[in-house]
Amino acid sequence: MIWLVAFLSCIGLICAKPPPIHEVDNGRVVGGQNAAPQTWKWQISLQLDSYGEGFFGHICGGSIFNSYHIMTAAHCILSSDPRQYQVVAGEYNLDEEEGSEQFLPVERIIVHPGWTGDLGNGNDIAILKLAEPIYDNGYTSFARLPYAHQTLPHGFTCYITGWGRMDYWGTTPSILQVAPLPVVEHSICSQPEWWGSIALETMVCAGGDGVVAGCQGDSGGPLNCFVDGAWRVHGIASYAPSGSCNQVRKPTVFTRVSSFVDWVYSVCHP
């Protein structure tokens, strides 16, 4: 559920080649393709039981920080009751139980204190404390984070992953999708013909070619960038343009993780 934003009205990096295990072709995410199994192991599906009847449905993505903590977007928190959520780690195909999944109840929700519900103010980040730990079954791993305040240069290719909407008509995938998104530096993304003043320095813009984009259902999920010899989560999917998510000069916008690493470490105690 990436939040969709009408321009000026809120509703709702060094080129590197990825290692072979994560190679993708520049193709849904809009404009992506099926991810290879057993890759992007820190990606989770955040699911909500809207009516308290025990039926959970995917709403957002997220990243595994450690055995007990998940990093996601603040706007994915639709209820303050943690019992309405579950995290599915080791997920690949939402429509099948493949034996790799771990279904984990949420014990506590920690929303960044600067989150106001207004995307233009930023701080779209939250931590979920799990009631049970994630264990290493070969299908999960912890996300690596960037260094504090680290940025990536214009044009650096990162990869978005998620189960979000794939087209204007709302088609959603069963299988985890992946797509390349080049970083758009802040000095460009904040120009009036791009996102203007609602693109903050605490955000990462990526994409904007009119072909590939994050969309509803990708929110909270990672922007994965191969930096300093490792995959690191540099962004948390936050918003995209309303209507068609893949619009020219309206890149997908992510919370910049490097702006919040100190806060993440401060709240993620085992």
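Residues numbered from 1 in each chain as written. Predicted model: local features only at pLDDT ≥ 70, side-chain atom pairs only at ≥ 80, totals over all residues. Heavy atoms only, no water.

K.L.:
Tell me about the overall build of the protein chain, residues and numbers included.
P.N.:
Looking only at helices and strands, the protein chain features 2 helices and 15 strands. In the protein chain, which comprises 270 residues, the proportion classed as buried is 57%. Carbon and sulfur atoms provide 51% of the accessible area of the protein chain, an area that totals close to 11100 Å². (Helix = DSSP H or I, 4+ residues; strand = E, 2+ residues; numbered from the N terminus. Buried < 20%, exposed > 50% of the residue type's maximum accessible area, 1.4 Å probe, protein only. Areas by Shrake-Rupley, 256 points an atom, 1.4 Å probe, with all protein chains shown as cover.)

K.L.:
Pulling in residues and values, what's your account of the state of the cysteines?
P.N.:
Within this structure, the stated rule accounts for 4 disulfides. In this model Cys158 forms its disulfide with Cys225; the gap between the sulfur atoms is 2.1 Å. Taking the torsion about the sulfur-sulfur bond, which here is approximately 110 degrees, the covalent link between Cys158 and Cys225 counts as right-handed. Taken as a pair, Cys158 in strand β10 (residues 157-162) and Cys225 in strand β13 (residues 222-227) lie far apart in primary sequence, 67 residues in all. (Disulfide = S-S within 2.5 Å.)

K.L.:
Residues and numbers for the environment of Ala143, please.
P.N.:
With respect to the helices, strands and loops of the structure, Ala143 is situated in the loop between β9 (126-130) and β10. Excluding residues within four positions of it along the chain, Ala143 makes contact with Trp42, Ser63, Ile64, Phe65 and Val233. (Contact = heavy atoms within 4.5 Å.)

K.L.:
Help me get a handle on the pattern of salt bridges, residues and values and all.
P.N.:
On inspection of all chains with the given rule, the structure shows 2 salt bridges. For the salt bridge of Arg83 with Asp81, the shortest nitrogen-to-oxygen distance reads 3.0 Å. Note on Arg83: relative accessible area 69%, which makes it exposed. For Glu107, the salt bridge is made with Lys129, and the minimal N-O distance between the two is 3.6 Å. Of this pair, Glu107 sits in strand β8 (residues 102-111) while Lys129 sits in strand β9; the two residues are 22 residues apart in sequence, bridging distant segments of the chain. Looking at Glu107, the relative accessible area reads 45%, which means it is partly exposed. (Salt bridge = Lys/Arg side-chain N within 4 Å of Asp/Glu carboxyl O.)

K.L.:
How would you sum up the nonpolar core? Please name residues and give values.
P.N.:
Ranked by internal contacts, the top residues of the largest apolar core, which has 60 residues, are Leu46, Met71 and Val264. When residues of this core are sorted by domain, at least three fall in each of domain 1 (43-142 + 262-269) and domain 2 (143-258). Filtering out sequence-adjacent residues up to four positions away, Leu46 remains in contact with Gly57, His58, Ile59, Cys60, Gly61, Thr72, Cys76, Tyr85, Gln86, Val87 and Leu128. (Core = buried A, V, L, I, M, F, W, Y, C linked by side-chain atoms within 4.5 Å. Domains from an automatic or database assignment.)

K.L.:
Explain the sheet that holds β9 to me, and be specific about the residues and the numbers.
P.N.:
The 6 strands lie next to each other as β4-β5-β6-β9-β8-β7, forming a closed barrel whose pairing is antiparallel. Looking at each pair of strands side by side, their axes are set apart by 45 degrees on average, direction ignored. Bridge count for strand β7 (residues 85-89) against β8 is 4 bridges, and the pairing is antiparallel. Looking at β8, one finds that Gln86 is bridged to Pro105. (Pairing = 2+ DSSP bridges. Axes fitted to C-alpha atoms, helices over the stretch in contact; angles between N-to-C directions.)

K.L.:
An account of the packing of aromatic side chains is needed here, citing residue identities and associated values.
P.N.:
This structure, assessed with the given rule, holds 8 aromatic pairs. Where Trp40 meets Trp231, the ring centres are 4.9 Å apart and the plane angle is 75 degrees; that geometry is what we call edge-to-face. One end of the pair, Trp40, is in the loop between β3 (33-34) and β4 (43-48); the other, Trp231, is in strand β14 (residues 230-241), and 191 residues separate them in sequence. Side by side, Trp40 and Trp231 carry an identical accessibility label, which is buried. With a centroid separation of 6.1 Å and an interplanar angle of 90 degrees, the aromatic rings of Tyr168 and Trp169 are classed as edge-to-face. (Phe/Tyr/Trp six-rings, centres within 6.5 Å; stacked < 30°, edge-to-face > 60°.)

K.L.:
So what's going on with the confidence of the model for the protein chain? Residues and values would help.
P.N.:
Should the pLDDT be low somewhere, the predicted coordinates at that spot are not to be read in detail. A residue-level look at the protein chain finds 89% of positions with pLDDT of 70 or above and a mean pLDDT of 89. The low-confidence segment residues 6-28 (pLDDT under 50) makes 50 contacts with residues lying over four places distant or belonging to another chain. (pLDDT = per-residue confidence, 0-100.)

K.L.:
Outline the pairing of β9, listing residues and values.
P.N.:
Consecutive side chains of a regular strand alternate in pointing toward one face of the sheet and then the other. Most of β9 is tucked away: 5 of the 5 residues are buried. Because side chains alternate across β9, one face comprises the buried residues Ala126, Leu128 and Leu130, and the other comprises Ile127 and Lys129, equally buried. Here strand β6 (residues 69-72) runs beside β9; their pairing, made up of 4 bridges, is antiparallel. Counterpart to Thr72 in the pairing with β9 is Ala126.

K.L.:
Go over the side chain of Gln150 with me, naming the residues and quoting the values.
P.N.:
By the secondary structure assignment, Gln150 is in the loop between β9 and β10. What makes Gln150 buried here is its relative accessible area of 15%. In terms of polar contacts, Gln150 uses its side chain to reach the side chain of Asp228, at 3.5 Å. Sequence-distant contacts of Gln150, defined by excluding residues within four places in its chain, comprise Val227, Asp228, His234, Arg256 and Ser258. (Polar contact = N/O pair within 3.5 Å; in protein donor to acceptor, adjacent residues only side chain to side chain.)

K.L.:
Describe unusual backbone geometry, with residues and values.
P.N.:
Phi is positive for Gln38, close to 60 degrees, though the residue is something other than glycine. Mapped onto the secondary structure, Gln38 falls in the loop between β3 and β4. Classification of Gln38 by relative accessible area gives partly exposed; the value is 42%. Its identity is not glycine, yet Asn123 carries a phi of approximately 60 degrees, on the positive side. With respect to the secondary-structure elements, Asn123 resides in the loop between β8 and β9. According to the relative accessible area criterion, Asn123 is buried, its value standing at 19%.

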